[in-house]
Each structure stands twice: as structure tokens, then as C-alpha cells.
Amino acid sequence: MPEETISIDYVMEKASGPHFSGLRLDGLLSSPPSSTASPSHCSASASSSALSDSNAPKQPFVIGVSGGTASGKTTVCDMIIQELHDHRVVLVNQDSFYRGLTPEESKRVHEYNFDHPDAFDTEQLLDCIQKLRGGQSYQVPIYDFKNHHRSSESFRQVNASDVIILEGILVFHDQRVRNLMNMKIFVDTDADVRLARRIRRDTVERGRDINSVLEQYAKFVKPAFDDFVLPSKKYADVIIPRGGDNHVAIDLIVQHIHTKLGQHDLCKIYPNVHVIQSTFQIRGMHTLIRDAEISKHDFVFYSDRLIRLVVEHGLGHLPFTEKQVVTPTGSVYTGVDFCKKLCGVSIVRSGESMENALRACCKGIKIGKILIHRDGDKGKQLIYEKLPKDISERHVLLLDPVLATGNSANQAIELLIQKGVPECHIIFLNLISAPEGIHCVCKRFPSLKIVTSEIDVALNEEFRVIPGMGEFGDRIPSLHSPSISQMPLCLLPNRLLPLPSCPLITCHASPAALRSSPSSPPPTLPNLLNNTTPVPSLSCALQCPHFQSCSGCTHELNLHRPIIVDEADQFFKSLGVSDFDFDSGRLWGWRSRAKLAVRGSSMKPLIGLYEEGTHNVVDIPHCKAHHPNINAAVELLRQGVTKLNIEPYDEDEGTGELRYVQVLNEINKQKLK
Ligand SMILES: Nc1ncnc2c1ncn2[C@@H]1O[C@H](COP(=O)(O)OP(=O)(O)O)[C@@H](O)[C@H]1O
Ligand SMILES: Nc1ccn([C@@H]2O[C@H](COP(=O)(O)O)[C@@H](O)[C@H]2O)c(=O)n1
């Protein structure tokens, strides 16, 4: 932030520097190191650029570390560098830019003031930081404290990096150097402690005698500290008391830098990691779903919106073929055709909450499931799966809203690869990723793509993503935590399959309750189907082999209590009707009237319903919704069509003898029409 244009508040706060000990992280780093930003727009414009440029190449992050001699500047820098191990960091010491002494000055070195700003070649230092910020490397001089000279032959090559740390007693003195910094840290250590350290260092490491050290200290070091170093403390964003002993301060600083660099840097390390472009809108939705206080309804609504964006971004990574169409103006539009061989695979149970968004983006998409179940306390993992048979020929969108450690993801990916899916055909979609999970997955499967909407800071000791959004599954209504007995039937090994039953659920409100409900004004019915994301429960599955190829049923799971029931329950409760229950009738074999299309040929007739979004008829001989009598009748009909050589209807030609059949099973009269 330029000092000429800063606001009064800012000046007041900064002016308190010398009297202030501790951390001042507010607004930090949102102040860009440019000299053009206006103070009133500073934080908005800075954060806006931080958001909108998340995918653009970023300038290195420059940190200045100042403080008195032997205050622990180098020690603090080393600790920051250690903790930023995921990033490319370089350290530049102001000491390297000491001017070499002339022969005359060398003769009277005891009269030379190494603590005055003029002792440094600040122009060269400025040039160095500017070049490094611009992505160029720099040959930094090597300075020898014993003979007070720079090496004439050798330099230290410093390469462009993500983080540049500039350390030295007077790095805040020159405004031009200060303006290049994104973050300024002042290491504040007691003067006596510093003197003691200095004596030890200069006698042991620099071969000086104690008298000369004390003399230099009294004559130059202390006055220059008072005149130049201490006054520059006011420019610091963060003041660290006790230097390297202050682990809390260093952790906070590192966390902050991680947040600023995290996404950008992991995408650099792993080019197959893609973070959807951040906007205020997206950050707003993240803010809502991460809020522990949000209602379940809003959580489902906003997470579903975000998931759709992630899905759309993921679809953009699929291969496309060129396609030309003729527009209503008669012109040719050259576009692309979607990838046809595609499927979703959700990691049960949270991944299932992403299925709805996937279906909304890809009509009729097949979705498989993988469940990784911990068996007992011994850490043994059982994997159940239900995947499309031809999965090896498909591109797979793997769904799990949170990537934490990466262990479950890796097991699911391993299974897909075992099933013949090439690693590069898998796109792992999630809402938030922990850096640990990204490392774990990307190191093992470097050709797989990850698409996420945000990369978080880290995992905590309990392996939960921080800041994260808690246990995703627990925040979704109807996603009950399944026991092995409640797992989706389709995922259980065959020998465990229970015989299908036909539960009956009834829906009624008592007359008394209805009488006591308010009668006016007449309620407006909520949009029961559209205002929430239906989230499947695992406890009741249709298990129909035709589900997803046939358009007849839109839900396979959660049949015992579809989301509409919860909505209706809430609706009636709002009217004062509390004893509302629901009866859906039979879940299997309930359909006693079926109108089916007939296509194909007399030799191979297709009798069934349309495939989602097409007029291709899908054979449904084992339909679970049909009464068994209907399936039996259709089978007889199929044989009759072939035997009697009846030609099914051909939609393109408009020819054929049989287009539709209607079957009615009259249970009471024991008749089948
Ligand atoms: N917290 C600390 N406790 C003990 N010794 C320290 C601590 N921090 C630094 N030192 C020692 O003090 C000396 C100066 O520290 P250094 O980090 O090089 O300071 P600066 O870079 O500010 O001159 C070094 O010998 C270092 O090992
Ligand atoms: N030839 C020199 C150059 C510098 N100094 C002293 O070094 C101090 C700065 O280094 P830090 O370790 O404190 O970062 C400074 O106070 C100079 O007095 C020197 O003694 N000889």
C-alpha cells in the first residue's frame, strides 16, 4: 500500500506500531505491493483480483522480515521456509548487498558504520527484488563478514519462486523496497538478548574479539537501531515478539501465506488439478454452505448449485468431436458433439448427494456406486460396487463432495482401474479438497484429473478438512448413516441379498387434526418437486436392472421415504397438522396398467418404454414396477410377434403393424386384458 495515499485509520493503526506487540493480520495481504491502489478501494479491489485471477499466473509473494541485529530474523525466516515446504521459496539477505570497502575504508574499518543505510547498495537490492518479482533469476553477491568484501568471482544464483523472503536490519527503510512487499514482519527481541547473541556470534563465527564487538555496538549498532531500525517498525504488518520462540505467530503467518498461495501452487505442482474459477458468487455460496448455522434446506440448495458448476467444469475436460449443424437461418454452425461414453460413479454415501446435479447436467447418464466399508476396528476395508458393465469403455466422473486424506478416493480409483477404466479417463469431482488429499491422489494417479471448487488449508489431527464444511453426509437430510444391513441392496454381495418385500406405507392425517388446522387463508402449495435436491437414502433400493436405461422410474433409492414426503410433512406441520403419515402403496409390482411401445423387428421385438430423452425403445422384461402378470403377458406377446411375423412400427419410415400395446391386470376380477 502506498504511504502517500493511505487513509487516516490506516495511519493511526500503523502509527501505533512501536507500542504494539502482537499480530495484526486484519487486511493483511489484501494490500497489494503496488503504488497505485486507492485506499478506499484497496481491500475490495485486492480481494477481487485475488478471486478473479485465481487461475492466472500470479506474481511471487514478497515477504519482508526486519528487526535489530541478532533478533532472530534469519531463524524466523528458516522456520517459515520449513513450514512452506509445498512452495518454492527463496531467501534474500540484505547483508549480501553490503558495499565492499575501499582500501582506504578497510584500513579504518573500526570507524566504518555498517548499520547506516548508506552501507548497503540499495539500488542493486531494488533491482534484485524487482527482477525476482518479474519471474527472472538474479545473481546475488556473496559477502564475507570477515574481510568486509564481496566475492569478486562468485555469486549465488536465486531463481524465480512463489515466495520471496527479504531479510535484513534495514529492509523497511527505503520506501521503494517496502512497496514491493506483500507482507512485512518485524522480529521484536529484547535488546539485552540481542547483544548477548551478537557477542557470541561475532566472536565465534566472525572471529572478532569481544572488545571490538562491544565498541562497535555502542558506537554504531545501537544508535543506528534507534535512528533507523526501530522507526521502521511502524511499517510492519506483523510484529513477532520473541522471534523464533513464537511458534503461534509463525504458524499464523504460514497459514495465511498458505491460504494465499494454496490453490495456485498445487495447480502448478499438479497440472491435472483444476479449481473452478472463483467469483464473488461462488465464494458467497461457499460462505453459506460452510456456515454451521445454515438450514439444511439452504445447505442442500447451495451445495447442489456449486456441485452443478463443478460437474459442468468436469464435463469440459471430456473429449469432444466436431459437429456441424444448420441453423434456422440456413447457415452452418460448426460446434462440437458431447462425449457419449460417459458415466458417473459416486463414492457412497456423500457422493450420492452429487448424483442429482450430475443427472441435471447429463440427461440419462448411468451412475454406478462404490462403497468402502471399514470392517471392525482392525482397519480392514470392504469394497462393494455396482458399476455399469461396460465401464471400461466409458469416461468416469467420480463423485465425492470432500477430498480429505485421499484414502477412500484412492481405493475407489484403484477399483475403477481394475475394472479396466484407463486412469486418464477418470475425472474426480469434489466441492472442497484438502492439500493432503490432492498430494495423495495425484502422486499415485498422475494422469487422473481432479476438478474442485476450492482447495482448503489443511487437515487437522482428526483428519478433518480445515476450515472445511463438516461431515457432508450429516448435513444432508435423508442421507442416513448406513449400517451394513442398511446398505443399498444393489451393493451387497449376492449371497447377502434379502428377498425383496413389498412394504406398504400409508399417508393420512386424522379428521380431528384436519378439523383443527387453520382453514384460511388457503395455503399455496409449495413446489414440492423442485425446491430441494432429492437426496437418495440408502435404505430402500428398487434394484431394477433397467433403471437408468428406461425412463419409467426416476428414483431408485429412498423409495420408502421420498423427499416429497418430508416436504409434505413440513407443509402439513406448518398448518398445524402433526399426525401426518405417508402411504406410497407397494414399492414393487404395483403397476397394473402398462402402455408400452413396440419397436425393433418381428424377429427381435423390443417392447418397453423410451430411453430417457430419445425415442429408442428399451426392452424391460424384468421391470420391477410392473405387476409380474404384466411382465409375463409381455413375454407371451413377444413370442407371438415373432411367431406370427408381425412387423413392429418403424418411426423413421412410418410403417409397421404394431405400435403400442396396453396391458391391464385386473386383480379383483383375476383377469388380464
Ligand atoms: N530463539 C532463540 N533462542 C536462542 N538463540 C537464538 C534464537 N533465535 C536466534 N538465536 C541465535 O541468535 C543468533 C542470531 O540469530 P539470527 O536468526 O541469525 O538473527 P538475525 O538474523 O536477526 O541476525 C544465532 O546464533 C541464532 O542461533
Ligand atoms: N562487515 C560487516 C557487515 C555487517 N556487520 C554487522 O552485521 C549486522 C547486520 O546483520 P544481522 O546479523 O544483524 O542481520 C549489522 O548490525 C552490522 O553491524 C558487521 O559487523 N560487519
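Residues numbered from 1 in each chain as written. Chains lettered and ligands numbered in written order. Predicted model: local features only at pLDDT ≥ 70, side-chain atom pairs only at ≥ 80, totals over all residues. Heavy atoms only, no water.

Trainee: How do you make sense of the overall build of the protein chain when you look at a structure like this?
Mentor: A tally of helices and strands in the protein chain yields 17 helices and 25 strands. Taken across its 673 residues, the protein chain has 47% of its residues classed as buried. Long-range contacts, defined as pairs at least 24 residues apart, comprise 70% of the intrachain contacts of the protein chain with a sequence gap of at least 6. (Helix = DSSP H or I, 4+ residues; strand = E, 2+ residues; numbered from the N terminus. Buried < 20%, exposed > 50% of the residue type's maximum accessible area, 1.4 Å probe, protein only. Contact = heavy atoms within 4.5 Å.)

Trainee: What's the story with the packing of aromatic side chains in this structure? I'm lost.
Mentor: The geometry of an aromatic ring pair is captured by two quantities: the separation of the ring centres and the angle between the planes. Tallying each qualifying case throughout the model produces nine aromatic pairs. With centroids separated by 5.0 Å and ring planes inclined at 90°, the aromatic side chains of Phe 301 and Tyr 302 adopt a geometry described as edge-to-face. A relative accessible area of 34% means that Phe 301 is categorised as partly exposed. Members of the aromatic cluster, joined through ring pairs, are Tyr 98, Tyr 112, Phe 114, Phe 120, Tyr 143 and Phe 145. Across from the ring centre of Tyr 660, 4.7 Å away, lies the NZ or CZ of Lys 595, which sits over that ring. (Phe/Tyr/Trp six-rings, centres within 6.5 Å; stacked < 30°, edge-to-face > 60°. Lys NZ or Arg CZ within 6 Å of the ring centre and 35° of its normal.)

Trainee: Please explain the site of ligand 1 as it appears in this structure.
Mentor: Every residue close to ligand 1 is listed here: Gly 68, Ala 70, Ser 71, Gly 72, Lys 73, Thr 74, Thr 75, Glu 167, Arg 197, Arg 201 and Asp 245. The separation between an oxygen atom of ligand 1 and a polar main-chain atom of Ala 70 is 3.1 Å. Note that an oxygen atom of ligand 1 is positioned 2.5 Å from one of the side-chain N or O atoms of Thr 75. Here ligand 1, which alone exposes 550 Å², has 70% of that area covered by the protein. Elements with a contribution of two residues or more to the shell around ligand 1: α3 (73–83) and α7 (191–204). Looking at the shell around ligand 1, the element that brings in the most residues is α3, giving three residues. Across the shell around ligand 1, the residue classes tally to one nonpolar, five polar and five charged. (Near = heavy atom within 4 Å. Polar contact = N/O pair within 3.5 Å; in protein donor to acceptor, adjacent residues only side chain to side chain. Areas by Shrake-Rupley, 256 points an atom, 1.4 Å probe, with all protein chains shown as cover. Nonpolar A, V, L, I, M, F, W, Y, C, P; charged D, E, K, R; others polar.)

Trainee: Quick question: what am I supposed to make of the site of ligand 2 here?
Mentor: Thr 69, Asp 115, Arg 198, Arg 201 and Arg 208 are the nearest of the 18 residues found near ligand 2. The side chain of Asp 115 places a nitrogen or oxygen atom 2.4 Å from an oxygen atom of ligand 2. Contact between ligand 2 and Tyr 143: a nitrogen atom at 2.9 Å from a side-chain N or O atom of the residue. Burial of ligand 2 by the protein amounts to 98% of the accessible area it has alone, namely 470 Å². Listed by contribution, the elements that provide at least two residues to the shell around ligand 2 are α7 and α8 (210–229). Of the residues in the shell around ligand 2, the class split is seven nonpolar, three polar and eight charged.

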